[in-house]
Amino acid sequence: MDYQEFFGSELQAVRDEGRYRVFAEIERKAGNFPQATRYVEDGTTNVTVWCSNDYLGMGQHPKVAAAMHKVIDECGAGAGGTRNISGTNHHHVLLEKELADLHGKEDALLFTSGYVSNWAALGTLAARIPDCVVLSDALNHASMIEGIRYSGAERMIFEHNSPEDLDRKLSTLDPDRPKLVAFESVYSMDGDIAPIAEILDVCEKHNAMSYIDEVHGVGLYGPRGGGVAEREGLMDRITVIEGTLGKAFGVMGGYISASKDLCDFVRTFASGFIFTTAMPPAVAAGACASIKHLKESNIERDTQKERVEKVRDALDRLGIPHLPNPSHIIPVMVGDAHKCKFISDWLMDNHGIYVQPINYPTVPRGTERLRITPSPVHSDDDVNRLITALSEIWSQCELARRDIAA
Ligand code: PMP
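Keep in mind that this is a model prediction, so the values were computed, not measured.

Q: Can you help me understand the overall build of the protein in this one?
A: On a plain count of helices and strands, the protein comes out with 16 helices and 14 strands. Against the compact-globule benchmark of 22 Å for 406 residues, the protein has a radius of gyration of 22 Å, which places it among compact chains. In terms of principal-axis extent, the alpha carbons of the protein reach across some 60 × 55 × 55 Å. Counting across all 406 residues of the protein, residues that qualify as buried make up 55%. Just so you have it, the protein exposes about 17800 Å², and 53% of that area is on carbon and sulfur atoms.

So, in structure tokens, the structure goes:
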């Protein structure tokens, strides 16, 4: 085989479909986000970022930065080892306590990302619980799917956000068989929210464990930022709450929160926890500061909601199609990979507005979109500029308008 030719032809096929991934190279400006510098071949330009998952701007919060600076000075850069072998720093332990408190659980366990936490925790639970069957929502994130696959356990897919289908599927199983139901609270690409209470009713009826991914919920929902389950008073009914420190909390890392024994079980058996260097202590301290702040402060959440409503109302006035949902995520539907890229490039080149196109396989073909995430650090002026630019491209690009509006 000519390996280079193979790589090249595979990449060309992706290019031909208009879904070759081009990463905008940016430098986020501390204290000035969502403004950023974009590096291009012959210099730099200024851009406003509209597609960040730093949903509340906590990545630049002075308390977070100060905590990280302090711990870098005190502890140095890296953790120095795996959690097992010299890498468990005091700041990891403090953060795990903070997370357990956030979710009202006995314990929490840190991972180096939300992806790893899903992959390792689901993979370990499903593989190690004898004869376990996993019921997985049809739109679960890749990290959950990969973890379930890796476990080798039997998997059943239930219809997205359908407690009825989950009930039907669970009813076909031996009542004594161990069962694990995996789903998300806020689905990242459509921004819809799961009927958590109804799903938990079904889990309880069938004595199934419940595993919720609150990656797009933590920090953002609930009076202390504990997620949608906190807002709905359901945290104590969920077996495992999984989350990230990389989105609303603005730093990096992932975790599960659950009973002491379940966390200890995953800690003991998950290779994705054991055989990897622990996150830098300064990162743990930054995340801890962010969580503490968002437990007490609602201003970021309230301002974000205001911004989201403002953008949504303006899109409605312009007739620009977006998926209606009750969350902070605004998916502006384009429905074609080439057009989606064209609009994204046009926004960047003409208005310094950065919204990454979202293509297959992240979303199904024909549902390509611009995923807009307003945050409390977007100013009124930023919102107005976004809306003006979108309005311009929707009017200028007649074909796109006709097709998109159809
Ligand atoms: N779960 C969901 C639903 C996600 O959208 C993501 C990331 N986009 C992850 C897990 C992974 O989280 P992290 O970015 O912290 O790895």
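Q: How do you make sense of the site of the ligand when you look at a structure like this?
A: Near the ligand there are 13 residues, and of these Gly114, Tyr115, Asp213, His216 and Thr244 occur at the shortest range. Contact between the ligand and Thr244: an oxygen atom at 2.6 Å from a side-chain N or O atom of the residue. Within the side chain of Lys247, a nitrogen or oxygen atom sits 3.0 Å from a nitrogen atom of the ligand. When isolated, the ligand has an accessible area of 390 Å², and the protein chains bury 82% of it. Residues of the shell around the ligand, tallied by class, amount to two nonpolar, eight polar and three charged.

Q: Can you walk me through the sheet that holds strand E2 (residues 35–40) in this structure?
A: Sheets are built from strands that pair by backbone hydrogen bonding, the pairs being arranged parallel or antiparallel. Reading across the sheet, the four strands line up as E1-E2-E3-E12 and stay open at both edges, with mixed pairing between neighbours. At either margin of the open sheet sits one strand with a lone partner, and together these are strand E1 (26–28) and strand E12 (353–354). Pairing analysis gives six bridges linking E2 to strand E3 (residues 43–49), with the strands arranged antiparallel. Bridging across to E3, Val40 finds its partner in Gly43.

Q: In this structure, what is going on with a nonpolar patch on the surface? I would like to understand it.
A: Nonpolar side chains collect at one region of the surface, where Met1, Tyr3, Phe6, Phe7, Leu11, Tyr20 and Val22 lie side by side and expose about 730 Å² of accessible area between them. By the element assignment, Leu11 lies in helix H1 (residues 3–16).

Q: Can you help me understand the pattern of salt bridges in this one?
A: Opposite charge on two side chains permits them to pair, given that their charged atoms come into close proximity. If you walk through the whole model with that rule in mind, you get 30 salt bridges. With its nearest N and O atoms 3.9 Å apart, the salt bridge here joins Asp349 to Arg38. Remark: Arg38 occurs in strand E2 and Asp349 occurs in helix H14 (residues 337–351); sequence separation between them is 311 residues. Look at Asp349 and you get exposed, because its relative accessible area is 57%. Two residues, Arg369 and Asp190, come together in a salt bridge whose shortest N-O distance is 2.5 Å.

Q: Please explain the confidence of the model for the protein as it appears in this structure.
A: In regions of low pLDDT, the predicted coordinates are not meant to be interpreted in detail. Looking at the protein, pLDDT values average 95 and 98% of them are 70 or higher. For residues 399–406, every residue scores under 50 in pLDDT, and the model assigns this stretch 10 contacts once sequence neighbours within four places are set aside. Among the prediction metrics, the complex's ipTM stands at 0.99, with pTM recorded as 0.96.

Q: What is the right way to look at the nonpolar core in this model?
A: The nonpolar side chains of a soluble globular protein tend to be buried with one another. If you look at the biggest cluster of nonpolar residues, it comprises 52 residues, and the most contacted ones within it are Leu95, Leu99, Leu135, Val181, Phe183, Ile196 and Leu245. Examining the composition of this core, we find that six residues originate from one element, helix H12 (residues 281–296), more than from any other. Setting aside its immediate chain neighbours within four residues, Leu245 contacts Leu95, Leu99, Leu110, Gly250, Val251, Met252, Gly253, Gly254, Tyr255, Met279, Ala287 and Ile291. Core analysis: the next-biggest nonpolar cluster, separate from the first, contains 32 residues, Val49, Ala314, Ala389 and Trp394 among them.

Q: Could you clarify how one ought to interpret the state of the cysteines in this entry?
A: By definition, a disulfide is the covalent link that joins the sulfur atoms of two cysteine residues. Per the counting criterion, the structure on display carries zero disulfides. With no disulfide of its own, Cys132 lies closest to Cys203 among cysteine sulfurs, the gap being 12 Å. Since its relative accessible area comes to 3%, Cys132 is described here as buried. Residue classification places Cys203 among the buried positions, given a relative accessible area of 1%.

Q: Can you walk me through the side chain of Glu96 in this structure?
A: Its place among the elements puts Glu96 in helix H4 (residues 90–103). Residue Glu96 is classed as buried on the basis of its relative accessible area of 9%. For Glu96, the contacting residues outside a window of four places in its chain are Arg83, Ala108, Leu109 and Leu110.

Q: Would you take a moment to explain the environment of Ile196 for this structure?
A: Here Ile196 is to be found in helix H8 (residues 196–205). Ile196 sits in the buried class, given a relative accessible area of 0%.

Q: Would you mind going over the sheet that holds strand E13 (residues 357–358) with me for this structure?
A: The antiparallel open sheet is built from three strands, whose spatial order is E11-E14-E13. One side of each edge strand has no neighbouring strand; the edge strands of this open sheet are strand E11 (330–333) and E13. One ladder, built from four bridges, connects E11 with strand E14 (residues 369–372); its direction is antiparallel. Among the inter-strand pairings, Val332 is bridged to a residue of E14, identified as Leu370.

Q: Explain helix H13 (residues 299–318) here, please?
A: Think of an α-helix as 3.6 residues a turn; residues three or four steps apart then line up on the same face. The end-to-end C-alpha distance of H13, which contains 20 residues, comes to 29 Å, matching closely the 28 Å that a straight helix rising 1.5 Å per residue would cover. Gly319 occupies a position one or two residues after H13 and carries a positive phi of about 75°.

Q: What exactly am I supposed to notice about the environment of Ser188 here?
A: Here Ser188 lies in the loop between strand E7 (179–184) and H8. For the pair Ser188 and Gly217, spaced 29 residues apart in the sequence, the C-alpha separation amounts to 9.7 Å. Setting aside residues no more than four positions away along its own chain, Ser188 makes contact with His216, Ile329 and Arg371.

Rules used throughout
Residues numbered from 1 in each chain as written. Predicted model: local features only at pLDDT ≥ 70, side-chain atom pairs only at ≥ 80, totals over all residues. Heavy atoms only, no water. Helix = DSSP H or I, 4+ residues; strand = E, 2+ residues; numbered from the N terminus. Rg over C-alpha atoms; globule rule 2.2 N^0.38 Å. Buried < 20%, exposed > 50% of the residue type's maximum accessible area, 1.4 Å probe, protein only. Areas by Shrake-Rupley, 256 points an atom, 1.4 Å probe, with all protein chains shown as cover. Near = heavy atom within 4 Å. Polar contact = N/O pair within 3.5 Å; in protein donor to acceptor, adjacent residues only side chain to side chain. Nonpolar A, V, L, I, M, F, W, Y, C, P; charged D, E, K, R; others polar. Pairing = 2+ DSSP bridges. Patch = residues over 30% accessible without salt bridge, like charges linked within 9 Å, V, L, I, M, F, W, Y side chains within 5 Å. Salt bridge = Lys/Arg side-chain N within 4 Å of Asp/Glu carboxyl O. pLDDT = per-residue confidence, 0-100. Contact = heavy atoms within 4.5 Å. Core = buried A, V, L, I, M, F, W, Y, C linked by side-chain atoms within 4.5 Å. Disulfide = S-S within 2.5 Å. Expected span 1.5 Å × (residues − 1).

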